[in-house]
Amino acid sequence: MTQISEHPSAKRRVFAIISHPDAGKTTLTENMLLAAGAIHQAGQVAARGQRRRTQSDWMKIEQERGISVSSSVMTFEHRDLVFNLLDTPGHEDFSEDTYRTLTAADCAVMVLDAAKGIEPQTLKLFEVCRLRDIPTITFVNKFDREARDVFETMAEIEDKLALDVVPMQWPCASGRRFKGIADLTSNTFLPFSADGEHGAAVKFDSDEMTTSIDDDDLTLEFSEEVELAREYGVFKEQSFLEGHMTPVYFGSALRKFGVLQLIDALAKFAPGPQVEKCKKNGQEAEVAPGDKTVSGFVFKVQANMDPNHRDRVAFLRLNSGVFKRGMKLKTLENKTISVHNPILFFAQDRELAELAYAGDVIGIPNHGVLRVGDSLSETGKIKFAGIPNFAPELLRRARLTDPLKAKHLRKALESLAEEGVTQLFKPAMGSDMIVGAVGALQIDVMAERIKTEYGLEVVFEPGMYQVARWVTSDDEALLQAFINKNQGAIAEDLDGAPVLLAKSQWDISYASDKNPDLRFLKVKERS
């Protein structure tokens, strides 16, 4: 086995950015790429009608609404490290897509709005990080606008997230009075300029800092706050890696201030690829990044990123080995994939990957062979933990305006469901296709994509069913008897697993009480 310290995978860093909608996540993503030299001009999350758009938001609906509804992968280099940035949807209706993406991340950047602190979606996404013990770096954004008291934000992180906080920087005021940030580790001050032409760092409490602030009362207030900030204690890297402590940074993504310092923090603190648990030949095992055998798992499938080619790309997170272009990989079902055109992503731009290592994310073009949750390896005998599906909160019946195109609709719905845009249920009786979603925006995205990519006008309307639960049992005969008895309310998901469709949660509870040997699940691992 190659030692990880000598292996190229040791230079990989895979991180995701999580936030509540409108906290500035996509703007931060753009300006991280700009600061690292990966792009020459950042787009702007802007109102409809403006010509420039963010590099990472490629769907029409994302561009029109100024939101991210799809996960993107972007690769860039900084300080002799290769970063794979997983840009996740911020909108709560796409939390399942975000969950899947976080399974591929080794670290997270949590973005908070300086005026709002921890918002509901931030809390939900952080809980996902906590489930996986993902180390989290906090970036408090939008200090070019009026912010609330910073000590209040720090206390909220401690209270609501049960995290130890250590400010690595401290801001000098906010809004029109915002003058810059103090770096508590290097004892320097980084001046802020509203025009984006920020000055070089100067020594803290120096004449240069006083001149930059240009307000004696503010200078005194700032110095006192910095002394209080130093009392939060010392940053403990092990506690951070275990998910118990978060270093906190400040800035303005829109004004490109504090962004480079955040990337430097990732370079310094974010962990490289870790040892991953798996099953080999059905037995519990582990794979290390430096292992010889190439292995990884598919955490996302995206179709039609290029509308001119009906492409279908599986995002594969590599966990071990050295991948070479042209290599043959196998699924657990022993399907062999010859990977002749592996892709490295940069939003819409792509490059062929000749070599890739543990910690890299590559795209594998395929025609529906690979699905979310698939494990790939040279041997075909390695299985990583499956990625869960969550029971939808909305159920809608798909109705075509042109009924003669039913076959085309079924293909479109299946394709998008395999991506994870929504879930799809096929009732045991009747020809209707039922779409399941977490929120209404998912339905809007599906309708828009079906119209744009498949040329079909579809109406999604409420049906008689409101709740869906997977039905399972250790007793196959008992399960089959239940299915036979309730044919009118039974459907199958894409994996062929039985699903009970109900009018209300009361019906689910009633079925559960009457059938104690059956399990009605809100979460199902997709294998």
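Residues numbered from 1 in each chain as written. Predicted model: local features only at pLDDT ≥ 70, side-chain atom pairs only at ≥ 80, totals over all residues. Heavy atoms only, no water.

A.B. asks: Before we go on, may I ask you to explain the overall build of the chain in this structure?
C.D. replies: A count of helices and strands for the chain gives 13 helices and 34 strands. Buried positions account for 56% of the 527 residues belonging to the chain. Put simply, 69% of the contacts in the chain that link residues at least 6 apart link residues at least 24 apart. (Helix = DSSP H or I, 4+ residues; strand = E, 2+ residues; numbered from the N terminus. Buried < 20%, exposed > 50% of the residue type's maximum accessible area, 1.4 Å probe, protein only. Contact = heavy atoms within 4.5 Å.)

A.B. asks: Is there a simple way to explain the sheet that holds strand E9 (residues 188–191) in this structure?
C.D. replies: In sheet architecture, strand pairing relies on hydrogen bonds along the backbone and comes in two forms, parallel and antiparallel. The sheet built from four strands is open, its strands ordered E7-E8-E9-E10 with antiparallel pairing. This sheet does not close on itself; its edge strands, each paired only once, are strand E7 (169–172) and strand E10 (202–203). Running at roughly 160 degrees to E7, helix H7 (residues 216–229) makes contact with E7, strand E8 (180–183) and E9 of the sheet. (Pairing = 2+ DSSP bridges. Axes fitted to C-alpha atoms, helices over the stretch in contact; angles between N-to-C directions.)

A.B. asks: Looking at this model, I keep getting lost on helix H12 (residues 476–485). Mind explaining?
C.D. replies: Think of an α-helix as 3.6 residues a turn; residues three or four steps apart then line up on the same face. Of all the residues in H12, the buried ones are Leu 479, Phe 482 and Ile 483. All buried residues of H12 lie within an arc of 100 degrees about the axis, which places them on one face of the element. Seen from the buried face of H12, the exposed residues on the opposite side, beyond 90 degrees, are Ala 477 and Lys 485. The opening residue of H12, the one whose side-chain oxygen lies 3.1 Å from the backbone nitrogen of Ala 477, is Asp 475. (Arc of directions from axis to C-beta. Polar contact = N/O pair within 3.5 Å; in protein donor to acceptor, adjacent residues only side chain to side chain.)

A.B. asks: Help me understand the pattern of salt bridges in this model?
C.D. replies: Think of it this way: side chains of opposite charge can pair up when their charged atoms draw near. Taken as a whole, this structure holds 20 salt bridges when the rule is applied. Residue Lys 524 is joined to Asp 493 by a salt bridge in which the shortest nitrogen-to-oxygen separation is 2.6 Å. Here Lys 524 is found in strand E34 (residues 523–526), whereas its partner Asp 493 is found in the loop between strand E31 (490–492) and strand E32 (498–502), with 31 residues between them in sequence. Here Lys 524 and Asp 493 have matching classes, each one buried. Taken together, the shared-partner salt bridges connect Arg 148, Glu 152, Glu 156 and Lys 160 into one network. (Salt bridge = Lys/Arg side-chain N within 4 Å of Asp/Glu carboxyl O.)

A.B. asks: How do you make sense of the sheet that holds strand E13 (residues 283–287) when you look at a structure like this?
C.D. replies: Pairing in this open sheet of three strands is antiparallel, and the strands run E13-E12-E24 from one edge to the other. The open sheet is flanked by E13 and strand E24 (382–384), the only strands paired with a single partner. Strand-to-strand twist in this sheet, taken as the mean axis angle between neighbours without regard to direction, amounts to 45 degrees. Summarising the sheet, strand E12 (residues 276–280) and E13 pair through five bridges and their orientation is antiparallel. Pairing of Glu 276 across the sheet is with Val 287, part of E13.

A.B. asks: It is not clear to me how unusual backbone geometry should be interpreted in this structure. Could you clarify?
C.D. replies: Note: most residues except glycine have negative phi, and most peptide bonds are trans. With a phi close to 75 degrees, Asp 22 is a non-glycine residue in the positive phi region. Tracing the chain through its elements places Asp 22 in the loop between strand E1 (12–19) and helix H1 (25–35). A residue is classified by how much of its surface remains accessible, and Asp 22, at 57% relative accessible area, is exposed. Positive phi outside glycine occurs at Asn 187, with the angle close to 55 degrees. With respect to the secondary-structure elements, Asn 187 resides in the loop between E8 and E9. With a relative accessible area of 29%, Asn 187 lands in the partly exposed category.

A.B. asks: What is the right way to read the packing of helix H10 (residues 406–419) against helix H11 (residues 440–454) from this model?
C.D. replies: Packed helix pairs are specified by the crossing angle of their axes together with the interaxial distance, meaning the distance between the axes. For the pair H10 and H11, the least separation of the axes is 11 Å and the interaxial angle reads 120 degrees. Between H10 and H11, the angle is such that the two are oblique. Crossing hand, H10 versus H11: right-handed. Contacts between H10 and H11 involve Leu 409, Ala 412, Leu 413, Ser 415, Leu 416 and Glu 419 from the first element and Met 446, Arg 449, Ile 450, Glu 453 and Tyr 454 from the second. Split into classes, the residues belonging to the contact of H10 with H11 amount to seven nonpolar, one polar and three charged. (Parallel < 35°, antiparallel > 145°, perpendicular 65-115°, else oblique. Left-handed = near helix turned anticlockwise from the far one by under 90°. Nonpolar A, V, L, I, M, F, W, Y, C, P; charged D, E, K, R; others polar.)

A.B. asks: I keep staring at a negative patch on the surface and nothing clicks. Help me out?
C.D. replies: Where like charges cluster on the molecular surface, the negative patch consists of Asp 214, Asp 215, Asp 216, Asp 217, Glu 221 and Glu 224. Tracing the sequence through the fold places Asp 216 in helix H7. Judged by its relative accessible area of 61%, Asp 216 falls in the exposed class. (Patch = residues over 30% accessible without salt bridge, like charges linked within 9 Å, V, L, I, M, F, W, Y side chains within 5 Å. Areas by Shrake-Rupley, 256 points an atom, 1.4 Å probe, with all protein chains shown as cover. Lys, Arg positive; Asp, Glu negative; His and termini not counted. Charge placed at Lys NZ, Arg CZ, Asp CG, Glu CD.)

A.B. asks: I'm lost on the pairing of E8 in this one. Help?
C.D. replies: As a general feature of sheets, a regular strand has side chains that alternate between the two faces. Where E7 lies against E8, four bridges are found, and the strand directions are antiparallel. Bridge pairing links Pro 171 to Ile 181 in E8. Taken together, the four bridges between E8 and E9 define a ladder with antiparallel strand orientation. Within E9, the position partnered with Ala 182 by the bridge is Phe 189. Linking E8 to E9, which pair antiparallel, is a turn of four residues; within it Asn 187 sits at a positive phi near 55 degrees.

A.B. asks: How should the environment of Arg 79 be read in this particular structure?
C.D. replies: By the secondary structure assignment, Arg 79 is in the loop between strand E2 (72–78) and strand E3 (81–87). Accessibility expressed as a relative area gives 56% for Arg 79, which makes it exposed. As for Arg 79 and Ala 36, which are separated by 43 residues in sequence, their C-alpha atoms are 9.1 Å apart. Not counting residues within four places of it along the chain, the set of residues in contact with Arg 79 comprises Asp 264 and Ala 267. Only 2.7 Å separates the side chain of Arg 79 from the side chain of Asp 264, close enough to count as a polar contact.

A.B. asks: I would appreciate a short explanation of the packing of aromatic side chains in the present structure.
C.D. replies: Aromatic rings in a pair are described by how distant their centres are and how their planes are angled relative to each other. Taken as a whole and assessed by the stated rule, the structure comprises 20 aromatic pairs. Centroid distance Phe 143 to Phe 178: 5.8 Å. Interplanar angle 35 degrees. Geometry classified as tilted. A residue pair is termed long-range when its members are at least 10 positions apart, and Phe 143 in the loop between strand E5 (136–141) and helix H5 (150–161) and Phe 178 in the loop between E7 and E8 qualify at 35 residues. Classification of Phe 143 by relative accessible area gives buried; the value is 2%. Using a relative accessible area of 3% as the deciding quantity, one classes Phe 178 as buried. Measuring from centroid to centroid gives 6.4 Å for Phe 240 and Phe 269, while their planes differ by 65 degrees, and the two rings are edge-to-face. A residue pair is termed long-range when its members are at least 10 positions apart, and Phe 240 in helix H8 (residues 237–241) and Phe 269 in helix H9 (residues 259–269) qualify at 29 residues. The ring centre of Phe 204 lies 5.9 Å from the NZ or CZ of Arg 230, which sits over that ring. (Phe/Tyr/Trp six-rings, centres within 6.5 Å; stacked < 30°, edge-to-face > 60°. Lys NZ or Arg CZ within 6 Å of the ring centre and 35° of its normal.)

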